[in-house]
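Summary of the model geometry
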Amino acid sequence: MHRPLARAPLRSVADYLCKSKHSLLLQERRNVAENLGFYRALMTTKGVEFLAHGTESTTRSLQMKIVDSLRLGERSKASNLLLDLGHANHSLRPDDFVHILNYCSRSPDPLFVMETWRLMEEREIGIDKLCYLLIIQALCKGGYLEEALNLINFFGEKHGVYPILSVCNTFLRACAKMRSMIHANQCLDLMEHRMVGKNEVTYSELLKLAVWQQNLSAVHEIWEDYIKHYSFSIIPLRKFIWSFTRLGDLKSAYETLQNMVALALRGSIFINRTAEGKLYSSRLDIPIPSNEALGSMKFHLEGNEQSIPSVDSKKFNCFPSNIEQCNLSMENSEAESSGISWVSKSETMPVTKILRWSFNDVIHACAHARNCGLAEQLILQMKNLGLQPSSHTYDGFVRAVVSEKGYNYGMEVLKVMQQRNLKPYVSTLATLSMGCSKALELNLAESLLDQITESPYPHSYNACLAACDRLDQPERAVQILAKMKHLKILPDIRTYELLFSLFGNVNAPYEEGNMLSQVDAGKRITAIEMDMARNGFQHSHLSMKNLLIALGAEGMIRELIQYLRVAENLFCCNNTFLGTVMYNTVLHSLVEAKESDMAVEIFKNMKSCGFAPDAATYNILIDCCSILRCFKSACSLVSMMVRDGFYPQTLTYTVLIKILLEDENFDEALNLLDQAFSEGHDLDVLLFNTILQKACQRGRIDVIEFIVERMHQEKIQPDPSTCHYVFSAYVDQGFHSTAVEALQVLSMRMLSEEVGTHDEKTQIEDDFILAEDSEADHTLESVDTQRQRTATSLCWKTMGPTFLGLSTKM
């Protein structure tokens, strides 16, 4: 019975790796002593020449004919030649099949390797370790994991050929590639039962499995076991850094990287290339526990990421002239004497490549974690070490810094790349374009998009469309869509969400729809939905919400209700929260269209379908009561609102006061205002303007003066509407001089509340309050005169038409 997946790889990895250190070391030494010659022969294999088999097989020519037939796809001919080989008169040995098995393992050709193995079984030819490995490799590479595992058990039971470590590593590698944790657990059980042990390759394959399962704790357990049995080596550290970054453990990845840098500085490097150009560790794979103190060269990030020094953008062009300028946690003399010369010898050295790859991994992890400070620290450390950043390095760096420091900083990095003749990645340009779009710099965003010749993703174009939506520039959005079509970039659901917001309604904001605009809006919506269907997209929550908003803005009530039914079928049944949001969107549109009766019906239907109203729902319905001019219904809704756990907000009090003012009940309205103050609400100028507007219409000077004084006490800044209502109220009652004085006072209060103005005036007065000369008095007087002129100018800007009306009356 297999172990459950929920326990893997924690049990299969952690328990297996945490065996007693003594027994594992003994078994590992036995494995190394027994197979050292075999491993060396296997690592130096090239083509079909095996150093482990010193003498040429007498059947070599026939084997090569079989291999040639397989290469040409003549499988029947190859099978016949294999039969001829099997019926040879002389006794056959395993090496008489080794070239065939080698080809099958490289191709891979699992079917022919099984055919060859069956022939070897029929002729009772023993299986040596090399043939054993090649057969398992062919099956694993071909995806036949179950057959490979069965064959491993069969060889052990019948031939006494028990799993060797390279066979187990091959099987684990195939499990990681095919993401089969069941077979991996079975292999780990077999290794544990046979005490096969492990080497650095085993750790690498176990890391792949842990990363695939997103199991960070297993990676840490593998790390702890690795440092117990092995001293540091560049390539395994590279694998651990890769694992930590893929699982989002930026702190562990950074610390491991510093251990790698320390190892490189000491010159403890054992790296060679295979005949195929792949890098591998050339040191003897013998477990030697590390007795080094971990973290001797770390920057210590524990809970203090803010302490990472920032890097000035000017330092991008400042490479250190020699290694003594390196800013690392060791003395310069020690760095100079510890084999550091590799950084200046050749950029193509294996250790340089591995270091750059690991730095790139951590910098890209900084981009995912939005850790700008650490990315800057790493890019500076690379340059101090003499590691030239590549386009891939800058791609991760740009994505790390743009989110925090803005697009300007990223553009400086792009200039540095251009100076060094480094071509930016598409993702680099896309990131910068998205940063520009977020800052509403559409010209620069589009110029960066023009440099992208091909891109499989529409994210940067969506960012431009979102900026067009915020700036209300649908014409520009059409140009961006044309670029997407020209580059054959398929839209995603986010694109359609923005299209409904951009083109769902025809009229400009705050304009009412008419018959012509409604026809055009219907055509646009139909066209967008047809394109969605062609590309296989259904409505998302946001696309449906934007569509409902567009229909409400155009006053298309019938279509609004129809699409609400569609939204109920798509979202509401599965997610009650989305259902509430959809209903709120429709209710708001109905209230804006003054369709109060229909809004009440929709609310009743919402309650009957089991969707719980939220605070927004109640505020919308209370606003609906202002249309009905029914304060009693509004109070009932407030009572329901409180029972459901939602307390009145500033908006709620604004609507309630508005209803009372419709009935000219100023006393109750002012009582509600006092209650809102007593409950600690942050009241805004809109609430006071609501009262001032109605008081102006009714000629209630007393109410106006009370509200203006209350605004002054609560330090609520007047706006032009406040000035207009107060000024008009005095003018309508014939108090012209009072109107002008009130306007000047309110304008001065508008200025005094602006950012920095009040503090600036206070500072000037403090500077001159103790001065005794006449020049100080003159300076202070000039400041007040200048402020008076500014206030007068503001009055004319905001109240020009009203002033003109006043002059005609006077």
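The structure displayed is predicted, hence computed values, not measured ones.

In the UniProt entry, the feature "repeat: PPR" (unreviewed entry) is given for residues 579–613, 614–648 and 684–718. Its end C-alpha atoms 10 Å apart, residues 579–613 is made of 77% helix and 0% strand.

A few words on the environment of Phe397. Tracing the backbone shows Phe397 in helix α19 (residues 391–405). Separated by 31 residues in sequence, Phe397 and Thr428 have C-alpha atoms that sit 9.1 Å apart.

The next subject is the packing of aromatic side chains. Scanning the model with the defined rule gives 9 aromatic pairs in all. Here the aromatic rings of Tyr226 and Phe240 are separated by 5.4 Å at their centres, their planes lie at 45 degrees, and the arrangement is tilted. Of this pair, Tyr226 sits in helix α12 (residues 216–229) while Phe240 sits in helix α13 (residues 234–246), and the two are 14 residues apart along the sequence. Across this residue pair, the class does not change: Tyr226 and Phe240 are buried. Pairing Tyr583 with Phe611 gives two aromatic rings, centres 5.4 Å apart and planes at 45 degrees, and the pair type is tilted. Of the two residues, Tyr583 sits in helix α29 (residues 576–592) while Phe611 sits in the loop between α30 (596–608) and α31 (615–628), which places them 28 residues apart along the sequence. Under the relative-accessibility criterion, Tyr583 is labelled buried at 0%. By way of ring pairs, the aromatic residues Tyr203, Trp223, Tyr226 and Phe240 are connected into one cluster.

Turning our eyes to something else, we now look at the side chain of Ser252. Residue placement: Ser252 occurs in helix α14 (residues 250–266). Every residue in contact with Ser252, bar those within four places of it in the chain, is listed here: His220 and Phe244.

On to unusual backbone geometry, then. Here the amide bond leading from Ser107 into Pro108 is cis, since omega sits at -10 degrees, within 30 degrees of zero. Its place among the elements puts Pro108 in the loop between α5 (98–106) and α6 (110–122). In this structure, Lys488 takes a positive phi of about 60 degrees despite not being glycine. With respect to the helices and strands, the residue Lys488 is situated in the loop between α24 (474–486) and α25 (493–503). Taking the relative accessible area as the measure of exposure, Lys488 reaches 73% and is therefore exposed. Unlike most non-glycine residues, Glu664 shows phi in positive territory, near 60 degrees. Considering the arrangement of structural elements, one finds Glu664 in the loop between α33 (650–662) and α34 (666–678).

How each quantity is defined
- Residues numbered from 1 in each chain as written.
- Predicted model: local features only at pLDDT ≥ 70, side-chain atom pairs only at ≥ 80, totals over all residues.
- Heavy atoms only, no water.
- UniProt positions renumbered as here; feature names shortened; annotations may be inferred.
- Helix = DSSP H or I, 4+ residues; strand = E, 2+ residues; numbered from the N terminus.
- Phe/Tyr/Trp six-rings, centres within 6.5 Å; stacked < 30°, edge-to-face > 60°.
- Buried < 20%, exposed > 50% of the residue type's maximum accessible area, 1.4 Å probe, protein only.
- Contact = heavy atoms within 4.5 Å.

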